[in-house]
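Fold and contact review
Chain residues, written in single-letter form:
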Amino acid sequence: MSSLFDLTGRTALITGSARGIGFSLARGLAQAGARVIINGTREETVAPAVATLKSEGFDILGRAFDVTNETDVAAAFKAWDDAEVAIDILINNAGIQFRKPLVELGLADWQRVIDTNLTSAFIVGKEAARRMIARGNGGKVINIGSLTSEGARPTVGAYTAAKGGIKMLTRAMSAEWGPFDIQANAIGPGYILTDMNKPLIDDARFDAWVKSSNPSQRWGKPDELAGTAVYLASAASSYVNGQIIFVDGGWLSVL
Ligand code: GCO
């Protein structure tokens, strides 16, 4: 059974993995045997993340590029083609948050959130899937959703629209790529202790709301998402497709 979860011999690209949830997923997949490619927008953040995981004995590559820029993404995949680095697992994790009421939200800020949180999954997913299909060995695509893939709260409208789109893009990917033995699924994290959520964690009222809204009565930790990512990246989920698995302490299961 344990070999079902073994990622030895696989290469995983995780976007937005220089810190936060993405970095925890990178460590988790590396612990399961994968070679992992760290991505971020800046070399100054990618390099230390690569060094940290390498110092822990893992097989790590890194590349700084903008996942919202089609030219940058194509150049990254060309470089991996030339180096004969075949990506078997893609985790579309890159994301930003921008909290403002919709009536005050500027179009540029709306577009930036949609581009980073949703469009990047299309741009990077397309490049990865083309190669997985051409190689004929199947593959795994894991998109990072959110509680806001299912429900909304005020002031995070662009993020919510993007994360709702992630749920349906995941299903579209499964519909088109399933015949090539590529499983596309999503993970829906609950409220997780990350830098992005620090303003919320530090807000006593919001903190109390999070703790009272899920049966686990606490915030999740980034490392608590790694097991689900390894499962979806491995042979253990070979007949799981188009799903979103919520790792939310039970938030969406209770009234
Ligand atoms: C917010 C948070 C959430 C969480 C997460 C919940 O402002 O409400 O940023 O969006 O990050 O997505 O699942």
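Structure report, in brief. (Residues numbered from 1 in each chain as written. Predicted model: local features only at pLDDT ≥ 70, side-chain atom pairs only at ≥ 80, totals over all residues. Heavy atoms only, no water.)

**Thoughts on the site of the ligand**
Residues in close proximity to the ligand total 13 residues, the closest being R99, S146, R153, P189 and Y191. Here R153 contributes a side-chain N or O atom positioned 2.6 Å from an oxygen atom of the ligand. A distance of 2.7 Å separates an oxygen atom of the ligand from a polar atom in the side chain of Y191. Starting from 330 Å² of accessible surface for the ligand in isolation, the protein chains cover 97%. Along the lines of polarity and charge, the residues of the shell around the ligand split into seven nonpolar, four polar and two charged. (Near = heavy atom within 4 Å. Polar contact = N/O pair within 3.5 Å; in protein donor to acceptor, adjacent residues only side chain to side chain. Areas by Shrake-Rupley, 256 points an atom, 1.4 Å probe, with all protein chains shown as cover. Nonpolar A, V, L, I, M, F, W, Y, C, P; charged D, E, K, R; others polar.)

**Details of the sheet that holds strand 6 (residues 182–189)**
Reading across from one edge, 3-2-1-4-5-6-7 is the order of the seven strands in this open sheet, with parallel pairing throughout. Edge strands, defined here as strands with exactly one partner in the open sheet, are strand 3 (60–64) and strand 7 (244–247). Along the sheet, successive strands turn relative to each other by an average axial angle of 20 degrees, direction set aside. In the sheet, strand 1 (residues 11–14) pairs with strand 4 (residues 89–92) via three bridges, with the strands oriented parallel. (Pairing = 2+ DSSP bridges. Helix = DSSP H or I, 4+ residues; strand = E, 2+ residues; numbered from the N terminus. Axes fitted to C-alpha atoms, helices over the stretch in contact; angles between N-to-C directions.)

**Thoughts on the packing of aromatic side chains**
For the structure on display, the rule yields 10 aromatic pairs. Where F77 meets W80, the ring centres are 5.2 Å apart and the plane angle is 85 degrees; that geometry is what we call edge-to-face. One end of the pair is F77 and the other is W80, both in helix 3 (residues 70–82) and three residues apart, which spans about a single turn. W80 gets classed as buried once you look at its relative accessible area, which sits at 7%. Taken together, a centroid distance of 5.1 Å and an interplanar angle of 75 degrees make the contact between F206 and W209 edge-to-face. (Phe/Tyr/Trp six-rings, centres within 6.5 Å; stacked < 30°, edge-to-face > 60°. Buried < 20%, exposed > 50% of the residue type's maximum accessible area, 1.4 Å probe, protein only.)

**Let's talk about the side chain of T116**
By the element assignment, T116 lies in helix 4 (residues 107–135). Within the structure, the side chain of T116 is placed 2.9 Å from the backbone oxygen of R112, a separation counted as a polar contact. Once residues within four sequence positions are removed from consideration, T116 is found in contact with T68, A94, G95 and I96. (Contact = heavy atoms within 4.5 Å.)

**What to know about helix 4**
Over its 29 residues, helix 4 extends 40 Å from the first C-alpha to the last, a length consistent with the 42 Å expected when each residue adds 1.5 Å. Considering bend angle alone, the principal kink of helix 4 is centred on T119 and spans about 45 degrees. Phi for G136, located one or two positions after helix 4, is positive at around 75 degrees. (Expected span 1.5 Å × (residues − 1). Bend = angle between axes of the 7 residues up to and from the residue.)

**Observations concerning the environment of T71**
Mapped onto the secondary structure, T71 falls in helix 3. Of the residues examined, T71 reaches a relative accessible area of 60% and is grouped as exposed. As for T71 and I123, which are separated by 52 residues in sequence, their C-alpha atoms are 9.8 Å apart.

**Brief notes about the pattern of salt bridges**
All told, the structure shown has 14 salt bridges when counted by the stated rule. In this structure, the salt-bridge partner of K167 is E150, at a minimum N-O distance of 2.9 Å. You can see K167 sitting in helix 5 (residues 157–177) and its partner E150 sitting in the loop between strand 5 (139–144) and helix 5, a full 17 residues away along the chain. Its relative accessible area of 14% is what places K167 among the buried residues. Overall, the relative accessible area of 42% leaves E150 in the partly exposed class. E224 is paired through a salt bridge with R218; the nearest N and O atoms lie 2.7 Å apart. We classify R218 as partly exposed; its relative accessible area is 36%. A single network of salt bridges, built from pairs that share partners, joins D81, E127, R130 and R131. (Salt bridge = Lys/Arg side-chain N within 4 Å of Asp/Glu carboxyl O.)

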